[in-house]
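# Structural overview
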Amino acid sequence: MRKIVLTAIFILTLIVQSFVSAADFESADWNRAPRIGNKNDFVAYIKNCEQNCQTLIPMYLANDLVVKGEEFLKFTSAIQAVNTTFEYKNGKPNRVLYEVQFYPGARVEYAYRTGNTSILTGDERQLYARAVQIVGEAKRQPTILRRELYIHDAITQASTYYTESNQKLGARYLTAIGALIDGRANCQGYADAFYMLGRMCGFNVGKINGVAKEPHTWNTIEFGDGRYYCVDVTWDDPSFKMNEGGEYNNYIYFNVPLEIIKSTHNWERNYYPQIVQKADGRYFYMTKEFSETRGKYFGFHSRTAEDALNYIARRIADEGCRLSWAMVPYSSKYADTSFVGQRLVNEILPRNYHFAAKARMSVTHCGNYLFITVDAVRNN
């Protein structure tokens, strides 16, 4: 059954709201505040403050640098909202104080990393306990990609996509609390949950605020070698389906490269790490772990859709496999889910393997590829 996808409202709609009264300038530690005159130094300083969960961020300004709330949020992965207060001297900005509110997932990750849980609220303590449980299971997985897959699927299994047109700062569905405790979240909640769990697992995880049909938030991930990938748990979740088909993760956005994600997602790339151009062995459909796990956990890529269907049919016949995920070059003929289903169930399986099967499937067109998900069993 097709599910209705509600409109995702971007976090930047929240930045104009003052979530606390403006702090007294002199309450900040100006003796340690740096003088910042360019965007690179600005980003480095904000990232350092973010790592320390610093709620008051003071800085002196040079070279007429002005970064207001909307632009500020493009430089951060952990901060949900910002209050900005400038001081001017001789008509030019001299000092600025940013008051920031962190996502619950970011606060939980900080508490886990530092061992300081005293900063957490009651809801955040509940989230902390759930996150520790998930991360403990993830760390028992045998490979890095299996660890990442575990936290990815923990989020999609726990949460259903949900949003409201009139978002209010502090709403639980905007955070990891909504995703993992309440079982409903919008893209910000999914991204907050993946940021939290991924960093607790030891991955370098960030976020991107951009547009994907609507204003949208998703994640980046890096494994220590400087290569960045995108991960969009929201769009992988079956409760956020863009097409008819089975209720299964399609994993198109699991370590997805630029060549694929750029067809559906847009963002100001100068604000974020450079994403790898081509799919490699960390992409869900390209990893060698497909063969090593006999297709149980990952998908595969094939030269043609026909080759993929024949391979899936053989897996069903020989191994009794239910789920298969395949990535193939785009073909208008095979972009039709109904055609693909009939070709597999009514032609390939009876002709080549002499048995009937029942199947559910979905076919998604993204970039220059088709992504085919099949859930099939022999019809005994």
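Quick note: structure is the one above.
Anyway, here's the lowdown on the structure attached to this text. (Residues numbered from 1 in each chain as written. Predicted model: local features only at pLDDT ≥ 70, side-chain atom pairs only at ≥ 80, totals over all residues. Heavy atoms only, no water.)

## Points about the state of the cysteines
One pass over the structure, following the stated rule, counts 0 disulfides. With no disulfide of its own, Cys49 lies 11 Å from the sulfur of Cys53, the closest cysteine sulfur. The buried category is assigned to Cys49, whose relative accessible area is 0%. Unpaired in this structure, Cys187 has its nearest cysteine sulfur neighbour in Cys230, at a distance of 14 Å. (Disulfide = S-S within 2.5 Å. Buried < 20%, exposed > 50% of the residue type's maximum accessible area, 1.4 Å probe, protein only.)

## Examining the sheet that holds strand E13 (residues 357-366)
As a general point, the strands of a sheet are linked pairwise by backbone hydrogen bonds and lie either parallel or antiparallel. The sheet built from 4 strands is open, its strands ordered E11-E12-E14-E13 with mixed pairing. Across the chains shown, the open sheet's two edge strands, defined by having one partner strand only, are strand E11 (300-301) and E13. With 10 bridges connecting them, E13 and strand E14 (residues 369-378) associate as antiparallel partners. Bridge pairing in E14 links Cys366 to Tyr369. Contacts between helix H11 (residues 305-319) and the sheet are confined to E11, strand E12 (323-329) and E14, with E12 contributing the most and set at about 165° to the helix. Relative to the sheet, helix H12 (residues 337-353) contacts E13 and E14, its axis offset from that of E13 by approximately 140°. (Pairing = 2+ DSSP bridges. Helix = DSSP H or I, 4+ residues; strand = E, 2+ residues; numbered from the N terminus. Contact = heavy atoms within 4.5 Å. Axes fitted to C-alpha atoms, helices over the stretch in contact; angles between N-to-C directions.)

## Overview of the sheet that holds strand E10 (residues 254-256)
As summarised here, the arrangement of the 4 strands in space is E7-E8-E9-E10, forming an open sheet in which the pairing is antiparallel. Single-partner strands in this sheet number two, and they are strand E7 (204-212) and E10. Each adjacent strand pair in this sheet contributes to an overall mean axis angle of 40°, direction not counted. Looking at chain direction, strand E8 (residues 214-222) and strand E9 (residues 228-231) are connected through 4 bridges and run antiparallel. Residue pairing for E9: Thr220 is matched across the bridge by Cys230. Seen against the sheet, helix H7 (residues 187-200) touches E7, E8 and E9 and runs at an angle of roughly 10° to E8.

Any link to function would need more than the numbers given here.
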